[in-house]
Amino acid sequence: MQPEPHSELSAADDPESSSNTLPWRWLGRPWHWLRSWLTRLSMRQLFVLAVLAGLGLPGVLVTLVNREFRRQELENQFRIEQERALEILSLGMRQPLWDLSRLTGKPLVESVMKDERVVAVRIDGSFSNEPFLAAVEPSRQTGQLARLTRQVFYDGQSIGSVTIDFDDGHLQARLAKQTVEYTLLIVLELTASLGLILFLLDARFLRPLRRLSLQASALTQRVFQHAFVWDRSDEIGDVGRQLEWSRRELLRLFDELHHKNRELELDIIERKNVEVALRASEGKYRELFLSNLDGIFVVDLDGRCLDANPAMEAMLGYPTGRLAGVESDQLVPSRWRDYDRDMRHRVLLDGHCGEYEIELRCYDCSVIPVSAKGVLMRDEQGRPVGVWRIMRDLSERQASAAQMELASKVFDNTTEAILVTDQDSQIISINRAFTDMFGYTPDQLVGRDTEVLRDLERDGGAYALARQSLLRDGAWQGELPLCRRDGESFTAWVQVNVVRNVTGQISNVVMLMRDISAIKVANERILHLARFDALTELPNRAYFRELVDAAITATARHDDRFGLLFVDLDHFKTVNDSLGHAVGDALLRGVAQCLNEAIRAGDVVGRLGGDEFVVLLQRVDSNNDAAFVAARILERLAQPFRIGEHELVVTPSVGIALYREDGEDYDTLIRNADAAMYHAKESGRNNYQFYTADMNARASEILLVESQLRRALERDEFVLHYQPQVDMRSGRLVGVEALIRWQHPERGLVGPNQFIPIAEERGLIAAIGNWALREACRQNKAWQRAGLPAIEVAVNLSALQFHHQDIANFIAAQLAEFELDACHLCLEVTESIIMEDAESTVSTMSVLKQMGLRLAIDDFGTGYSSLSYLKRFKADKLKIDRSFVADVPGDSDDSAITRAVISLARNLNLQVIAEGVETAAQWQFLQSEGCDEVQGYLISRPLPAAELGLRLAAGEWLGREILA
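Residues numbered from 1 in each chain as written. Predicted model: local features only at pLDDT ≥ 70, side-chain atom pairs only at ≥ 80, totals over all residues. Heavy atoms only, no water.

Identification of the protein as EAL domain-containing protein from Chitinimonas lacunae is taken from an unreviewed UniProt entry.

Quick look at the structure:
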């Protein structure tokens, strides 16, 4: 049954209303998507889409129509040509078929086959089932075949048939080519049209609209300073000019509004200031009234009490508020009443009256003596409205007199020094013990200020703090620096108490003093020794920990940051071992002074022990603050220290750890700063490094390597490899350099770069270096005893070995033990080591030269040699560092440096040896410049002793092609 018409409309309106409307649901979703997509397009994009649709659709339709017309035209032409060829062939084959002459018909068949579109030709006769003539070219078929057949008639009689197979591939190719040409033409037309339209659209519509949008945005952001200039006469220009008018109006309105607001704010501020001043004035006088220690009450002109302060109510014993409304005469006994009235009358006449004494009746009817004063109170117009009456209780005066008599006796007979002053610190009295302690007699001190007793140089604010506490609490005790009559300064334990009068005001100050200078000195010495390093006077490890813990507490409370710098002196052990502990101690004191000069105010330098210092940076706002202090430390310590006859240069390695990021307790911070310091040493020393998490693992590795190195010495795990050194003129081996290796039981053969720095830092380098020197002497003598040629063995000396006082004796012992001639041992010392203490170096090298040893300056050019010292060092060789040799002759700078070193050595009558030679080009350059000897992988890698012995026995080391 068909659905009703209105049902169909409903389904169309609601594509998802029924399952019977699935086609509508399929079309509805793309339509909604398309509509949503179109709403997100800009005007430019919509216009381009419309142009593409308006130009593209007609062009596509025209192309399709032309293509179809051309296809039909080509197919008709192709069909006509097929019919013509078939007709020609059928007419031409009548005579050959009639005569049964294949020779006559074959040229005609070949002529038809010349057409590339013909795939096959077949001539059939009616007299036989076999083809009369046939020709086939199957390779010509590229498309579909069209077969045409026609009967051949002679005199009205069918004598055979002609069949031709045509290929339509050529026709399809021509159609495809024409389709591409039409498509390219349409694309070019669309591109040109679209570009022209977009240019016009952007110039006349989109660019002005963007400008309008920017100007409207400026108005919404309240930017009114720049005028909107429009010279167009169209609708867009009208809109722009309207925006300019709006801008001017908004600018004017906002200026007026700002001006009005400013005036209103100033008026409000002025009113508030007046109100605040009034309230402050009223509050101040009210506070003075309520807090005054003297009794004050206000009476009107008739003598009635209007108000009373707490002191007045307390003095008379009245409950709070009960004095208001009481007549003045009721408070004054009858015998004083007339006198009191006269004094009040004088206040009305003169505006005030002097202090006078009367008696007042209390709430419990008792009578107390008081001193009274009166001040007239006026209103804003200056009219009298009342009297301020100020009363002071005098009832304690008699009791005070009795107490003073007793105190005088105690005062004169006590063993402690007593000083009595008035409220202005003017000395009133001293006792005999005071005279004995200070040397002053009463005549010399009475009437003078106590400042004469103060030691102002050691004050430090102690007197001010004591006075504040005294005024606040009425008593104070503590230590004060004082000064005797002869100028001697001492520390006293002082107890101070105030003496108040009946009104509660301070009338006198009593000071009891006991000389504790001897006890103080002893305690301070004990505390100083417990907290400070005896050598450098810096906080020691325990006290520095207290300072850091205090900084952690303060920083946690205020959410601040602080930092720790761990400073370790590089190669300090060399100074101690070579120059003695006295020089080392003097150097440590100089370093401590430099560190104190390099830090900021408030920072603290401490000494953990040895050559390890720590710096507490009290406040670190950023990492740059810590880096700044560390850089200043490096800068200050870079200056040479003059200690006696020695001029020493010491460099620090600094590790930095920051509170919170790198630890929240002392142990973690100091451990991480230590790890960062070791990272600084591994990075070349004389630098600072911030702590990172992986440094703990590195520190653990260093400790492990250190322990393994100690066992390696005990287990004889070190071996020497020897790198040959050859003469550049003859190519003959003249020496070897002994290079240490570590035969690790687990890691195998370990190079020196992986353990020598740790050995230097941990103080193991001297023992390892001595082993290497001893082993080199032993092996050299072993080669000689084996009948091999005598050669020179070069051994590197560490800084610790070279500066050791017994180095010459140690070397002499080895030469004697192995019966080795000194001329067969060469000692290599780096340029930086010999310049650490040039004067000491000259002396040491002179002793070694007298023993007959040969000396070489290693890594020459990488340090800071003084030429004046170089000629005094008495070295035999200069060794050019591999960093200069690596890039010669290609690098002009390295080539110039190498050339200069060779020239310098030649002029000083020194041999030159270059290390790190790896290419023939390097060899040729060095040979042309006059270098004497070389070593490197071009000649040989470092060899074990046994393998080198075999090479020594073999003789020649370099090929003739290198020497050439």
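Engineer: Please explain the overall build of the protein as it appears in this structure.
Structural biologist: Helix and strand content of the protein: 33 helices and 31 strands. A compact globule built from 964 residues should have a C-alpha radius of gyration of about 30 Å, whereas the protein, at 58 Å, is more than 25% larger. With the C-alpha coordinates of the protein rotated into their principal frame, the extents come out at 190 × 120 × 65 Å. Sequence-distant contacts in the protein: of pairs separated by 6 or more residues, those separated by 24 or more amount to 59%. On the protein, roughly 53300 Å² of surface is accessible, and the fraction owed to carbon and sulfur atoms is 53%. (Helix = DSSP H or I, 4+ residues; strand = E, 2+ residues; numbered from the N terminus. Rg over C-alpha atoms; globule rule 2.2 N^0.38 Å. Contact = heavy atoms within 4.5 Å. Areas by Shrake-Rupley, 256 points an atom, 1.4 Å probe, with all protein chains shown as cover.)

Engineer: Explain the domain arrangement of the protein here, please?
Structural biologist: Interface size is often expressed as the accessible area that is lost when the parts come together. Once the domains are mapped, the protein shows domain 1 (292-398), domain 2 (414-521), domain 3 (532-691) and domain 4 (761-953). Placing a centre on the C-alpha atoms of domain 1 and another on those of domain 2 gives a separation of 39 Å. Taken together, the contacts link eight residues of domain 1 with five residues of domain 2. Summed over both partners, the interface of domain 1 with domain 2 buries about 490 Å², with 58% contributed by carbon and sulfur atoms. For the pair domain 1 and domain 2, the interface holds zero salt bridges. The interface formed by domain 1 and domain 2 includes one residue pair in polar contact (both at pLDDT 80 or more). Residue composition of the side of domain 1 that touches domain 2, by class: two nonpolar, one polar and five charged. (Domains from an automatic or database assignment. Buried area = accessible area lost by both parts, 1.4 Å probe. Salt bridge = Lys/Arg side-chain N within 4 Å of Asp/Glu carboxyl O. Polar contact = N/O pair within 3.5 Å; in protein donor to acceptor, adjacent residues only side chain to side chain. Nonpolar A, V, L, I, M, F, W, Y, C, P; charged D, E, K, R; others polar.)

Engineer: Any chance you could explain the sheet that holds strand 14 (residues 506-515) here in plain terms?
Structural biologist: Sheet strands line up and pair through hydrogen bonds in the backbone, either parallel or antiparallel. The strand order 11-10-14-13-12 describes an open sheet built from five strands, whose pairing is antiparallel. Every interior strand has two partners, whereas the edge strands, strand 11 (427-430) and strand 12 (475-483), have only one. Taking each pair of neighbouring strands and ignoring which way they run, the sheet shows an average axis angle of 25°. In the sheet, strand 12 pairs with strand 13 (residues 489-500) via nine bridges, with the strands oriented antiparallel. Bridge pairing links Trp-476 to Val-496 in strand 13. Sitting on the sheet, helix 14 (residues 462-473) touches strand 12, strand 13 and strand 14, and the angle it makes with strand 12 is about 155°. (Pairing = 2+ DSSP bridges. Axes fitted to C-alpha atoms, helices over the stretch in contact; angles between N-to-C directions.)

Engineer: Just to check I follow, could you spell out the pairing of strand 20 (residues 652-658) for this structure?
Structural biologist: Each regular strand shows side chains that alternate between the opposite faces of the sheet. Along strand 20, seven of the seven residues are buried, which leaves the element largely enclosed by surrounding structure. A two-sided burial pattern is seen for strand 20, the buried positions comprising Pro-652, Val-654, Ile-656 and Leu-658 on one face and Ser-653, Gly-655 and Ala-657 on the other. Relative to strand 20, strand 15 (residues 563-569) runs antiparallel, the two being bridged by seven bridges. Across the sheet, Phe-566 pairs through a bridge with Gly-655, a residue of strand 20. (Buried < 20%, exposed > 50% of the residue type's maximum accessible area, 1.4 Å probe, protein only.)

Engineer: I would appreciate a short explanation of the pattern of salt bridges in the present structure.
Structural biologist: In a structure, side chains of opposite charge can pair up when their charged atoms sit close to one another. Inspection of the entire model under this criterion finds 52 salt bridges. With a closest N to O distance of 2.7 Å, Glu-249 and Arg-252 form a salt bridge. Residue Glu-249 and its partner Arg-252 are located together in helix 7 (residues 235-291), separated by three residues, close to a single helical turn. Residue class for Arg-252 comes out partly exposed when judged on its relative accessible area of 38%. Members of the salt-bridge network, linked through shared partners, are Asp-329, Asp-338, Asp-340, Arg-341, Arg-344 and Arg-389.

Engineer: Hey, could you run me through the UniProt feature "domain: PAC" (unreviewed entry) in the protein in this one?
Structural biologist: When the UniProt feature table is mapped to this numbering, "domain: PAC" (unreviewed entry) covers residues 354-406 and 476-528. Helix makes up 23% of residues 476-528 and strand makes up 57%, while its end C-alpha atoms are separated by 27 Å. (UniProt positions renumbered as here; feature names shortened; annotations may be inferred.)

Engineer: How do you make sense of the packing of aromatic side chains when you look at a structure like this?
Structural biologist: To describe a pair of aromatic rings, one takes the distance between the centres and the angle between the planes. The final tally for this structure, using the stated rule, is 13 aromatic pairs. Ring geometry for Phe-718 and Trp-742: centres 6.1 Å apart, planes at 40°, overall tilted. With Phe-718 in strand 22 (residues 718-727) and Trp-742 in strand 23 (residues 733-744), this pair connects stretches of sequence that are 24 residues apart. Residue Phe-718 is classed as buried on the basis of its relative accessible area of 4%. (Phe/Tyr/Trp six-rings, centres within 6.5 Å; stacked < 30°, edge-to-face > 60°.)

Engineer: When you look at helix 17 (residues 572-579) in this model, what are you seeing that I'm missing?
Structural biologist: Residue pairs spaced three or four apart in an α-helix point in one direction, given the helix's 3.6 residues per turn. Taking burial as the measure, the eight residues of helix 17 include six buried ones, the bulk of the element. Residues of helix 17 that are buried: Phe-572, Thr-574, Val-575, Asn-576, Ser-578 and Leu-579. Phi turns positive one or two residues past the end of helix 17, at Gly-580, with a value near 100°.

Engineer: Whenever I open this one, the packing of helix 18 (residues 581-598) against helix 19 (residues 623-637) confuses me. Can you help?
Structural biologist: When two helices pack together, their arrangement is captured by the angle between the axes and the distance separating the axes. Helix 19 packs onto helix 18 with a crossing angle of 140° between their chain directions and a minimal axis gap of 9 Å. Considering the angle they form, helix 18 stands oblique to helix 19. With respect to the hand of their crossing, helix 18 and helix 19 are arranged in right-handed fashion. Packed against helix 18, whose contacting residues are Val-591, Cys-594, Leu-595, Glu-597 and Ala-598, the element helix 19 presents Arg-632, Ile-633, Arg-636 and Leu-637 at the interface. (Parallel < 35°, antiparallel > 145°, perpendicular 65-115°, else oblique. Left-handed = near helix turned anticlockwise from the far one by under 90°.)

Engineer: Whenever I open this one, the confidence of the model for the protein confuses me. Can you help?
Structural biologist: Detail in the predicted coordinates should be disregarded across regions flagged by low pLDDT. Taken residue by residue, the protein gives an average pLDDT of 82. The fraction at 70 or more is 91%. Summarising per-element confidence for the protein, the mean pLDDT is lowest in helix 1 (residues 5-13) (40) and highest in strand 17 (residues 612-617) (94). Between residues 1-22, whose pLDDT stays under 50, and residues either more than four places distant or in other chains, the model counts 13 contacts. (pLDDT = per-residue confidence, 0-100.)

Engineer: Just to check I follow, could you spell out the side chain of Thr-450 for this structure?
Structural biologist: With respect to the helices, strands and loops of the structure, Thr-450 is situated in the loop between helix 13 (442-445) and helix 14. Aside from chain neighbours lying at most four places away, what touches Thr-450 is Leu-419, Thr-421, Ser-425 and Ile-427.

Engineer: Is there a simple way to explain the sheet that holds strand 4 (residues 157-167) in this structure?
Structural biologist: Ordered by their spatial adjacency, four strands build an open sheet running 2-1-4-3, and the pairing between neighbours is antiparallel. A strand with exactly one partner marks an edge of an open sheet, and here the two such strands are strand 2 (131-136) and strand 3 (145-154). Within this sheet the neighbouring strands show an average axis-to-axis angle of 10°, counted without direction. Pairing between strand 1 (residues 118-125) and strand 4: seven bridges, direction antiparallel. Opposite Gly-125, over in strand 4, you have Gly-160 as the bridge partner. Across the face of the sheet, helix 5 (residues 102-113) comes into contact with strand 1, strand 2 and strand 4 while running at roughly 25° to strand 2.

Engineer: How should I be thinking about the nonpolar core in this particular structure?
Structural biologist: Side chains that are nonpolar tend, in soluble globular proteins, to be buried together. By size, the foremost hydrophobic cluster in this structure holds 95 residues, and its most contacted members are Leu-709, Trp-783, Leu-926 and Val-934. If you count residues domain by domain, this core takes at least three from each of domain 3 (532-691) and domain 4 (761-953). When neighbours within four sequence positions are excluded, Leu-709 is seen to be in contact with Phe-718, Trp-742, Phe-755, Ile-758, Ala-759, Leu-764 and Ile-768. Counting residues in each nonpolar core, the second largest holds 34 residues, with Val-583, Ala-592, Cys-594 and Val-650 among its members. (Core = buried A, V, L, I, M, F, W, Y, C linked by side-chain atoms within 4.5 Å.)

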